[in-house]
Amino acid sequence: MSKIRIVFDRVRAEEKMLEEKAIELGHDTKMIDAKITRLSTESKRSDFDFGDVVLERCVSYFRGLHFTACLEFLDIPVINKFEVTNICGNKIVTSLMLKKHNVPTPRTYFSFSSETALENLEKVGYPMVIKPVVGSWGRGVVLLKDRDTADAIIEVRELSDGPLDRIYYLQELVKRPPRDIRVIVVGDQVVAAMYRTSSGSFKTNIALGAEPIECEITKELEDISLRASKAVGGGILGVDLMEDETRGLLVHEINSTVEFKGLSRVSKKNIPKEMIDFAVKSAIK
Amino acid sequence: MNCPECDATLKIPDDASVGEIISCPDCGSDFEIAQKNGSTCQLKHAEKVGEDWGE
C-alpha cells in the first residue's frame, strides 16, 4: 500500500476516477487542493502530508507547474516531473523536442514579432494554423486561410498584449482525415487510443464536442507514441497524432495532465488503474 | 442549499466532493465546493477559466 496524493485545483471526472480507483486498490489516498496550500523556501516534507507520490492534476497549467517545482524541492516524486510538464505545456518546446528526437511532427514555424509572423506566412503560404504557445482544448487555434484572416488575428494578439501573444506558433495544415488520434502513454506502455472525429470544424478536441471512437493500437502507433513520450521525458501523457496522407503518423501535441473521460468510455483497459499502478512504482519505498 | 447569487435552490449530489463545481440552474453562476461536512457545504465562487487551463 502506498500513500497517494492527488493535487487538484478543480475536481473533474478524471480526478474522481483516480481517487476512487486508488482507494479501491487499497492505497492511502488523499486529495490536496493546490489553491489553499502554502509552501515556502523554509518548507520541509514533514510539514505536510504529501504521501509517497503525488499525481499533479491541476487544470491550470502554470499553477500545476509551479506546484510541482515546490514538491520536487521537497524531494517528493511527482507525476509528471517538472521538466516534463514544462516541455509539454509549451507547444514550441514540445515541437522542438519532438523534432530533435526524430519523432515525425508537422512543419512548424516560429516568429517573435507580428512582422516576422506575416513574413513566415507569406513565405510558406496559406493556409496555416496559428496556435497559442500555451493553451488547451483547442482555444485560440485558428485556421489562417488568407492574409486578411492573418491580419485580423495578429491585430487581436497585439491588442491583448499578453506576454506570450507576441510569440507566434504557425503550423502547416496537415492533409488528413477529419479526425486525430489521442493515445495515452503510461510509463513505457500505450494503454489506450481513440480517434477524435471533428464535429464540423477542423479542430478535433473532445472539449469541443469531438466524438471518441476506439482506435486500434498498431505497432506503428505504439512505436511513435512511445518515442514521443520519451522525447519529452516520459510519465503519464496524452499524445496527439494526425494521419498525414503521405507521411503517415505525425505527433502534434503532448498533454501532461491528460484528460481521459472520453477515452475511458471506449477503452478496453482501465485507464485510472494503469495510472495508479504507475504512480505506485514511482512512490518513495 | 440556496444559490448565493440568486437564491435559487441548488441541488448538490451526495457524492459531490470538495473542489467540484456546482452550477446554478437559474442564474448560471458557478460555485466551487470549498468545504463539506456531511450534507452541509460551503461554497465559494468558482475561478474563471484561465488561458492556461486544459490538459
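In this text, all values refer to a predicted model and were calculated from it rather than measured experimentally.

Scoring rules and cut-offs
- Residues numbered from 1 in each chain as written.
- Chains lettered and ligands numbered in written order.
- Predicted model: local features only at pLDDT ≥ 70, side-chain atom pairs only at ≥ 80, totals over all residues.
- Contact = placed C-beta atoms within 7 Å.
- Helix = DSSP H or I, 4+ residues; strand = E, 2+ residues; numbered from the N terminus.
- Nonpolar A, V, L, I, M, F, W, Y, C, P; charged D, E, K, R; others polar.
- Pairing = 2+ DSSP bridges.
- Axes fitted to C-alpha atoms, helices over the stretch in contact; angles between N-to-C directions.
- Parallel < 35°, antiparallel > 145°, perpendicular 65-115°, else oblique.
- Left-handed = near helix turned anticlockwise from the far one by under 90°.
- Buried ≥ 20, exposed ≤ 12 C-beta atoms within 10 Å, placed from the backbone.
- Domains from an automatic or database assignment.
- Core = buried A, V, L, I, M, F, W, Y, C linked by C-beta atoms within 7 Å.

Colleague: Honestly, the interface of chain A and chain B in this entry has me stumped. Any pointers?
Modeller: Where interface size is quoted, it is often the accessible area lost as the parts come together. Contacts between the two partners involve 19 residues from chain A and, on the opposite side, 11 residues from chain B. When residues of the side of chain A that touches chain B are traced back to their parent elements, those giving at least two are β2 (28–33) and α2 (61–73) of chain A. Residues belonging to the side of chain A that touches chain B are distributed by class as follows: 9 nonpolar, 6 polar and 4 charged.

Colleague: Whenever I open this one, the sheet that holds strand β5 (residues 108–111) of chain A confuses me. Can you help?
Modeller: Strand pairing in a sheet is mediated by backbone hydrogen bonds. Such pairs are either parallel or antiparallel. Residues and elements named next belong to chain A. With respect to topology, 4 strands assemble into an open sheet ordered β5-β8-β6-β7, the strand pairing being antiparallel. One side of each edge strand has no neighbouring strand; the edge strands of this open sheet are β5 and β7 (142–144). Strand-to-strand twist in this sheet, taken as the mean axis angle between neighbours without regard to direction, amounts to 30°. Pairing geometry for strand β6 (residues 128–131) and β7, over 3 bridges, is antiparallel. Looking at β7, one finds that I130 is bridged to V142. Against the sheet, helix α5 (residues 114–124) touches β5, β6, β7 and β8 (168–172), its axis set at about 150° to β5.

Colleague: It is not clear to me how the packing of α5(A) against helix α6 (residues 147–160) of chain A should be interpreted in this structure. Could you clarify?
Modeller: Axes are the key here: two packed helices are described by the angle between their axes and the distance separating the axes. Residues and elements named next belong to chain A. Packing of α5 against α6 leaves a shortest axis separation of 11 Å and a crossing angle of 160°. By the criterion of interaxial angle, the relationship of α5 to α6 is roughly antiparallel. Considering the relative orientation of α5 and α6, their crossing is right-handed. Note on element contacts: α6 touches α5 through A150, I154 and E158, opposite S114, A117, L118 and L121. Here the contact of α5 with α6 is composed, by residue class, of 5 nonpolar, 1 polar and 1 charged.

Colleague: Quick question: what am I supposed to make of the sheet that holds strand β1 (residues 3–8) of chain A here?
Modeller: All names here are of chain A. The strand order across the open sheet built from 4 strands is β2-β1-β3-β4, with neighbouring strands paired in parallel fashion. The sheet is open, and its two edges are formed by β2 and β4 (78–79), each paired on a single side. As defined by bridge partners, β1 adjoins strand β3 (residues 53–56) across 4 bridges and the pair is classed as parallel. Within β3, the position partnered with I6 by the bridge is L55.

Colleague: Teacher, can you tell me more about the environment of B:C3 here?
Modeller: Residues and elements named next belong to chain B. Topologically, C3 is positioned in the segment before β1 (21–23). Residue C3 is classed as partly exposed on the basis of its 19 C-beta neighbours within 10 Å. In this structure the C-alpha to C-alpha distance between C3 and T40, which are 37 residues apart in sequence, comes to 14 Å. Among all residues touching C3, those that are not within four sequence positions of it are A8, L10, C24, D26, C27 and S29.

Colleague: Help me out: how do you make sense of the domain arrangement of chain A in this one?
Modeller: One can read the domain layout of chain A as domain 1 (3–86), domain 2 (108–172) and domain 3 (175–268). A C-alpha centroid distance of 34 Å is found between domain 1 of chain A and domain 2 of chain A.

Colleague: Would you mind going over the nonpolar core with me for this structure?
Modeller: Where a protein is soluble and globular, its nonpolar side chains tend to be buried together. Residue and element names in this part refer to chain A. Core analysis: the largest hydrophobic core is formed by 58 residues, its most contacted members being V7, I184, A228, V239, L241 and V251. No fewer than three residues from each of domain 1 (3–86) and domain 3 (175–268) sit in this core. Within the second largest apolar cluster, 9 residues are counted, among which are L121, L144, A150 and Y168.

Colleague: For this particular structure, what's the right way to read the environment of A:E14?
Modeller: Residue and element names in this part refer to chain A. Among the secondary structure elements, E14 is positioned in helix α1 (residues 13–24). Measuring from C-alpha to C-alpha, the distance between E14 and S264 comes to 9.5 Å, with 250 residues separating the pair along the chain. In this view, E14 contacts R57, E259, F260 and K261; residues no more than four positions away in its chain are not counted.

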